[in-house]
Amino acid sequence: LLEVNYSHLVVFCGRGITFDLCNTINQLAKIGNNLLIGVTNRNEKELKHLNKKVLRIPLYIPETEIPKGISSENYLICELKSIAKYIKKNSIENKFFTRIRKDIFLNSQIFLEYLQVVPSLTKRYSIICSDHSSNLLKRYCLSDHFFTTNIGMIKDKNFIYRVRSKKNSLFWWKYRHIKANEIL
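Residues numbered from 1 in each chain as written. Predicted model: local features only at pLDDT ≥ 70, side-chain atom pairs only at ≥ 80, totals over all residues. Heavy atoms only, no water.

### A few points about helix 2 (residues 73-89)
Right, so step 1: Counted at 1.5 Å a residue, the expected span for helix 2 with its 17 residues is 24 Å, and the 24 Å between its end C-alpha atoms agrees.
Right, so step 2: Judged by how many residues are buried, helix 2 sits mostly within the fold: twelve of 17 residues are covered.
Right, so step 3: Of all the residues in helix 2, the buried ones are Glu73, Asn74, Leu76, Ile77, Cys78, Glu79, Leu80, Ser82, Ile83, Ala84, Tyr86 and Ile87.
Right, so step 4: Against strand 1 (8-13), strand 2 (35-41), strand 3 (55-58), strand 4 (96-101), strand 6 (146-150) and helix 4 (151-155) lie the buried residues of helix 2.
Right, so step 5: At the exit of helix 2 stands serine 91, carrying a positive phi of roughly 50°. (Helix = DSSP H or I, 4+ residues; strand = E, 2+ residues; numbered from the N terminus. Expected span 1.5 Å × (residues − 1). Buried < 20%, exposed > 50% of the residue type's maximum accessible area, 1.4 Å probe, protein only. Contact = heavy atoms within 4.5 Å.)

### As for the pairing of strand 6
Right, so step 1: Most of strand 6 sits out of view: four of its five residues are buried.
Right, so step 2: Bridge analysis of strand 4 against strand 6 gives five bridges, and the strand direction is antiparallel. Opposite threonine 98, over in strand 6, you have threonine 148 as the bridge partner.
Right, so step 3: Here strand 5 (residues 127-129) runs beside strand 6; their pairing, made up of three bridges, is antiparallel. Within strand 6, the position partnered with isoleucine 127 by the bridge is threonine 149. (Pairing = 2+ DSSP bridges.)

### As for the sheet that holds strand 2
Sheet strands pair by backbone hydrogen bonding; their relative direction is either parallel or antiparallel.
Right, so step 1: Strand order in the open sheet formed by six strands is 3-2-1-4-6-5, and the pairing between neighbours is mixed. If you trace the sheet from one side to the other, it starts and ends with strand 3 and strand 5, each paired once. Direction aside, the axes of adjacent strands within the sheet are offset by 20° on average.
Right, so step 2: Packed on one face of the sheet, helix 1 (residues 19-29) meets strand 1 and strand 2 and runs near 145° to strand 2.
Right, so step 3: In this fold helix 3 (residues 108-121) packs onto strand 1, strand 2, strand 4, strand 5 and strand 6, with an angle of close to 140° to the strand it touches most, strand 4. (Axes fitted to C-alpha atoms, helices over the stretch in contact; angles between N-to-C directions.)

What follows is the structure in structure tokens.
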């Protein structure tokens, strides 16, 4: 697997990083071969266990200033805006971007095998994502669980915060038919 040139930026987002995931992230960060591994810095004490090669991406605004929205969508959008700003500031030119939640178990071998097939998958699909998401409303955001796309979609996209509807109806219920491939 070490001979593969990944051209990938993988960022772990959200809260809930574990010591086991820190070890996995450290293993991935040591690979090199144009595989960049990062985490969004949400001031978690476990981040001190990460290798210096792991990119720490600061939020561009404090969490207290993220607009109140539906579920945790605006936190996801804030992280994506922060990642886009970091990509531009550091002139990252990798071809693919993958976002994964921090509160998961990740088998590094299987994940590396997935990254190897991403170039062939993106010939057919512009977004590869999980339909197993805790976000019931996937209308205007990418899957909050896992997704991979061309890095340009993140770098050049203007993500917009969403606010709660003032209507009394259950807003997500109207969009329950939205499929994972329709998210962006």
